[in-house]
Amino acid sequence: MPPRNEHLGRSGLVRVVFLWLAAWGSYPLSAQELTLQRDYPGLGPFVCPPPVAFAPPSSDVRAQAGQLASDAVQAVILGELLRAEELLTRAVELDPASSELAYRRARVLEDLSRSNEAMDEYCRSLGLGAEADGIEDAQERIDALYEVVRSQIPELARESFVSGVMTADVEAYPQAVTWFTRAMEAAPDWPPPIYNRAVVQERMGLVTESLADYRRYLELTPSEIDPVVAAVTQRIGMLEGLVTLPTPSPSGALTLGVLFPGMGQYYSGRSFGGTVVLGVAAGAVAAGILFKEITVRCLAVVTSGGACPPGQVVDETTSRPYLVPAIGAAAAVTVIGAIEAFVRARRRREDVADALTSTVSSGLTITGPSVYARGGRVNFALMSLRFR
């Protein structure tokens with residue numbers, strides 16, 4: 001088999017190193033496997049994330065934030081809600097430790113029908129001590145908004161989502177994709193089933209389809225309120241590195257290699273191998289053509305090793321006894337080269353597939369406890385063990 005001598009640019013070298021590491025499981029991709037989302041509005045009571053402590057600003061900065069908040073009040077009176085939201089956003093950036101500013105911004109976001117963002121801001125207000133500051137209805141507004149968000153998700157979408165999670169937990173991935181797809185059809189702009197279908201399709205090796213769902217998830221999810229967005233963004237970059245790896249078609253390499261010596265190697269990006277196959281095939285044909293036997297009939301008697309005298313030549317014939325074997329040898333080299341190109345192209349495609357499947361973590365996964373309710377049936381799992 002001819003040695004491989006390919007020229008790789010910097011990006012090509014990075015891709016090859018990435019593929020090698022992923023295929024051997026040493027790349028940290030598997031350790032960063034994204035997990036399924038299981039919660040959705042209505043599954044249980046809404047729980048605010050843990051509060052974050054902010055350092056209080058200086059008095060001058062607090063005064064600037066107060067002035068922006070005052071301008072926002074005027075904008076609300078004039079019905080300019082977008083202007084008010086912009087002013088309050090700037091005020092909150094200046095004074096992130098103020099529960100009152102967070103509450104005011106949440107009220108404007110609620111009026112703008114941006115329920116998820118409003119809930120997040122109400123939660124931040126509570127975490128900053130809204131109740132101690134005399135703001136008493138923040139929790140009530142969160143509960144009301146949560147009910148509105150829950151009601152916007154059709155029951156069919158919620159039931160399909162639960163079924164998708166349950167089937168994915170037992171690694172029935174094709175069925176899980178079907179369930180998540182049904183949930184997406186019932187609620188096209190609901191991010192969790194889109195995200196879950198992306199995760200399941202990645203585990204199945206359907207990277208192109210998974211990337212499309214990940215990108216759709218990012219479109220529907222504001223990055224400032226979802227901690228999963230950063231992980232999804234990183235995941236997209238990793239998977240794009242695999243998708244862009246060169247994976248020539250094995251059948252294409254075979255067909256081109258049979259039609260013309262070395263073309264399968266050239267098609268696969270292995271120019272040196274193609275040159276070797278072409279050179280051997282062409283050399284065999286050239287040798288068959290150049291090697292000739294000349295037979296001369298002479299009127300005079302010619303001694304061994306002598307030449308027929310001029311004028312005594314009756315006729316002269318030329319034959320190429322090795323031409324047919326040479327053509328056969330060239331054809332054999334061509335076929336062998338085509339088969340070699342096919343095998344190498346198929347191996348490269350399998351390497352990429354192996355690298356993709358290696359993104360699924362190995363070992364033991366423990367989940368639970370969990371409760372799923374669907375219709376009149378309740379499914380309770382104390383603990384779920386999954387081996388890979």
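Keep in mind the model is a prediction, meaning the values are calculated, not measured.

### Digging into the nonpolar core
A general trend in soluble globular proteins is that nonpolar side chains are found buried together.
Piece 1. Counting residues in each nonpolar core, the largest one holds 29 residues, and the members touching the most others are Phe161, Trp190, Tyr195, Val200, Tyr214 and Val232.
Piece 2. Mapped by element, the contributors of at least two residues to this core are α7 (155-169), α8 (173-186), α9 (191-203), α10 (207-220) and α11 (228-243).
Piece 3. Of all the elements, α8 adds the most residues to this core, at 6 residues.
Piece 4. Those residues in contact with Tyr195 that sit more than four places away from it in its chain are Leu34, Thr35, Leu36, Gln37, Tyr214, Tyr217, Val228 and Val232.
Piece 5. Listed in part, the 14 residues of the second largest apolar core include Ala118, Ile142, Leu145 and Tyr146.

### Some remarks on the side chain of Ser125
Piece 1. Relative to the helices and strands, Ser125 resides in helix α5 (residues 115-127).
Piece 2. Judged by its relative accessible area of 0%, Ser125 falls in the buried class.
Piece 3. Look past the residues within four positions of Ser125 in its chain and what remains in contact with it is Ser99, Ala102, Tyr103, Ala130 and Ile135.

### Focus: the state of the cysteines
Piece 1. One pass over the structure, following the stated rule, counts 2 disulfides.
Piece 2. Note that Cys48 is cross-linked by a disulfide to Cys123, the S-S spacing being 1.9 Å. Disulfide Cys48 to Cys123: torsion about the S-S bond roughly -70°, handedness left-handed. Placement of the pair is Cys48 in the loop between α1 (10-23) and α2 (59-77) and Cys123 in helix α5, with a sequence separation of 75 residues.
Piece 3. Linked covalently through their sulfurs, Cys298 and Cys308 form a disulfide whose S-S length is 2.0 Å. Between Cys298 and Cys308, the S-S torsion sits near 80°, and that sign places the bridge as right-handed. Of this pair, Cys298 sits in strand β1 (residues 293-298) while Cys308 is found in the loop between β1 and β2 (313-319), placing the two residues 10 residues apart along the sequence.
Piece 4. Numbered by position along the chain, the disulfide-linked cysteines of the chain connect as 1-2, 3-4.

### A look at the confidence of the model for the chain
Piece 1. For the chain, mean pLDDT is 78; residues scoring 70 or higher make up 77% of the total.
Piece 2. When mean pLDDT is taken per element in the chain, α8 scores highest with 95 and α1 scores lowest with 39.
Piece 3. Across residues 1-31, where pLDDT falls below 50, the model places 39 contacts with residues more than four positions away in sequence or in other chains.
Piece 4. Within the model, pLDDT remains below 50 along residues 359-388, and this stretch shows 63 contacts once partners closer than five positions in the same chain are excluded.

The rules we used
Residues numbered from 1 in each chain as written. Predicted model: local features only at pLDDT ≥ 70, side-chain atom pairs only at ≥ 80, totals over all residues. Heavy atoms only, no water. Core = buried A, V, L, I, M, F, W, Y, C linked by side-chain atoms within 4.5 Å. Buried < 20%, exposed > 50% of the residue type's maximum accessible area, 1.4 Å probe, protein only. Helix = DSSP H or I, 4+ residues; strand = E, 2+ residues; numbered from the N terminus. Contact = heavy atoms within 4.5 Å. Disulfide = S-S within 2.5 Å. pLDDT = per-residue confidence, 0-100.

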